[in-house]
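# A look at the structure
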Amino acid sequence: MLGKQKPAGEKLGIYIHIPFCRSKCDYCDFYSLAGHEDQMDRYQKALLAHLKESAFAARGMAVDTIYFGGGTPSFYGEKRLRALLSAIKKHYTVEKDAEITLEANPDSVDFKSLKALRRAGFNRISIGLQSACPAELEAVHRPHTVEQGDEAVAAARKAGFASLSLDLIYGLPVQTVSSWWNTVEHALSLEPDHLSCYGLKVEPGTPLAARTAKGERLLSDDAQADLYLWTVARLAKAGFGQYEISNFAKPGFQSRHNLRYWLTRPYIGFGPGAHSDFGGRRYSWVRDLEGYITGVLEGSAPLLDSQDLIPQEERGSEYLMLRLRTSMGIEEWEYRGTYFMDFAPIEERLREFAARGWAERTAAGRWRLTPKGFLVSNQLIGDLLERQEKARLASLLPRVQEKYQGRKP
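Summary of the structure given here.

What counts, and where the lines are drawn
Residues numbered from 1 in each chain as written. Predicted model: local features only at pLDDT ≥ 70, side-chain atom pairs only at ≥ 80, totals over all residues. Heavy atoms only, no water. Phe/Tyr/Trp six-rings, centres within 6.5 Å; stacked < 30°, edge-to-face > 60°. Helix = DSSP H or I, 4+ residues; strand = E, 2+ residues; numbered from the N terminus. Buried < 20%, exposed > 50% of the residue type's maximum accessible area, 1.4 Å probe, protein only. Lys NZ or Arg CZ within 6 Å of the ring centre and 35° of its normal. Expected span 1.5 Å × (residues − 1). Arc of directions from axis to C-beta. Contact = heavy atoms within 4.5 Å. Pairing = 2+ DSSP bridges.

## Digging into the packing of aromatic side chains
The way to describe two aromatic rings as a pair is by their centre distance and the angle between their planes. Tallied over the full model, the rule gives 17 aromatic pairs. Ring plane angle 55° and centroid distance 6.2 Å describe the contact between Tyr335 and Tyr339, whose orientation is recorded as tilted. With a gap of four residues between them, Tyr335 and Tyr339 both fall in helix H12 (residues 332–339), about one helical turn apart. With respect to burial, Tyr335 and Tyr339 carry one shared label: buried. Aromatic ring contacts, followed pair by pair, group Phe20, Tyr43, Tyr76 and Tyr292 into a single cluster. Seen from the ring of Tyr76, Arg80 lies directly overhead, with NZ or CZ sitting 5.4 Å from the centre.

Below is the structure:
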């Protein structure tokens, strides 16, 4: 199902999507379902079958990152999670020091389950705290309390997780500047190794979108921008380096799996709505739990939602778009040598961005966006992609002229 085998030596990431939740948060646009616990056993059977079926295509590739996301993987139950990880280790070549991450909500973990997961091989946990303000948690229908968040962190450390990440959201309903400051300080007091700080986005079709359509007011874009810049500075002071727009880590604790996406390294996703970049193509599975289960187990339903071969020029665009989300940024000869495209128009524009405080060139000669540039990254990257396309078309013109030179109309 995954196509031809990849060459030996290339490393691979595996993503497992667990679409079950105790309840849906008002802002959530991910493919996840509440009240479908009766489907968990059938889903487990489908995942195990899909993992086994797809293993041949990945033969010869070492797996160095595994990520269980959702939904709420911790709500799925530690026995099922352990069985899935065991199947991956059985059918794939998993490196001994592979990063194996579990996303968890505070209300669905305890020391006993986390200890079992740690013994099974999970070594990184990402806990969705989101806020340290009870009113903010209630405003978006988070299914846990601040106290449960603290208890989950303590349980994870006691269970032996040496890599702990916390998720936080700024811009939540009823949030104020001071309450966000308190949330960040509270998170730092829990001594995490990694923090993901996301600006709230009102996604179409969510309950939050319906609320704002009826007039509920949120923090303005300018206020969110101020919170973001304060957060970058505060976390830097606390020893957290910003390595991506929304992600901060102590030295050595960057998310290796998420870096895989931003550095365009191969990964395979399993589960409804999961995406993959493997074998020179990008594809995703249907965003339909029953459709996914039926497609895997019976072959009677379409399993693929989308599938595209990725030409070299598109990879060049991805390089700009994704690397400029990171503190690593981009580099001229890396770009020229890999994608055979002219960097001069890109660099010219980056110099203009630098003059406005949006970009900078490092001592190593790499270009990257500044925190102020990250705030308007969509616009800046879009501008660079337009320049890239114009440069590509301009480079084709001489060849077209030569081909048609001397022809009569």
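## A look at helix H1 (residues 40–54)
End to end, H1 covers 21 Å across 15 residues, agreeing with the expected 21 Å (1.5 Å per residue, within 8%). Where H1 is concerned, the buried positions are Met40, Tyr43, Gln44, Ala46, Leu47, His50, Leu51 and Ser54. Down the axis of H1, the smallest arc covering the buried residues is 165°, so these residues share one side. When the buried face of H1 is taken as reference, the exposed residues oriented beyond 90 degrees from it are Asp41, Lys45 and Lys52. Where H1 is buried, its residues meet strand E1 (11–18), strand E2 (20–21), helix H2 (78–91), strand E11 (267–270), strand E13 (281–285) and helix H10 (289–297).

## Notes on the pairing of strand E12 (residues 275–278)
Pairing of E12 with E13 involves four bridges; the strand directions are antiparallel. Note that in E13 the partner of His275 across the bridge is Ser284. A loop of two residues connects E12 with E13, the two strands running antiparallel in sequence, and Gly279 in this loop sits at a positive phi of about 65°.

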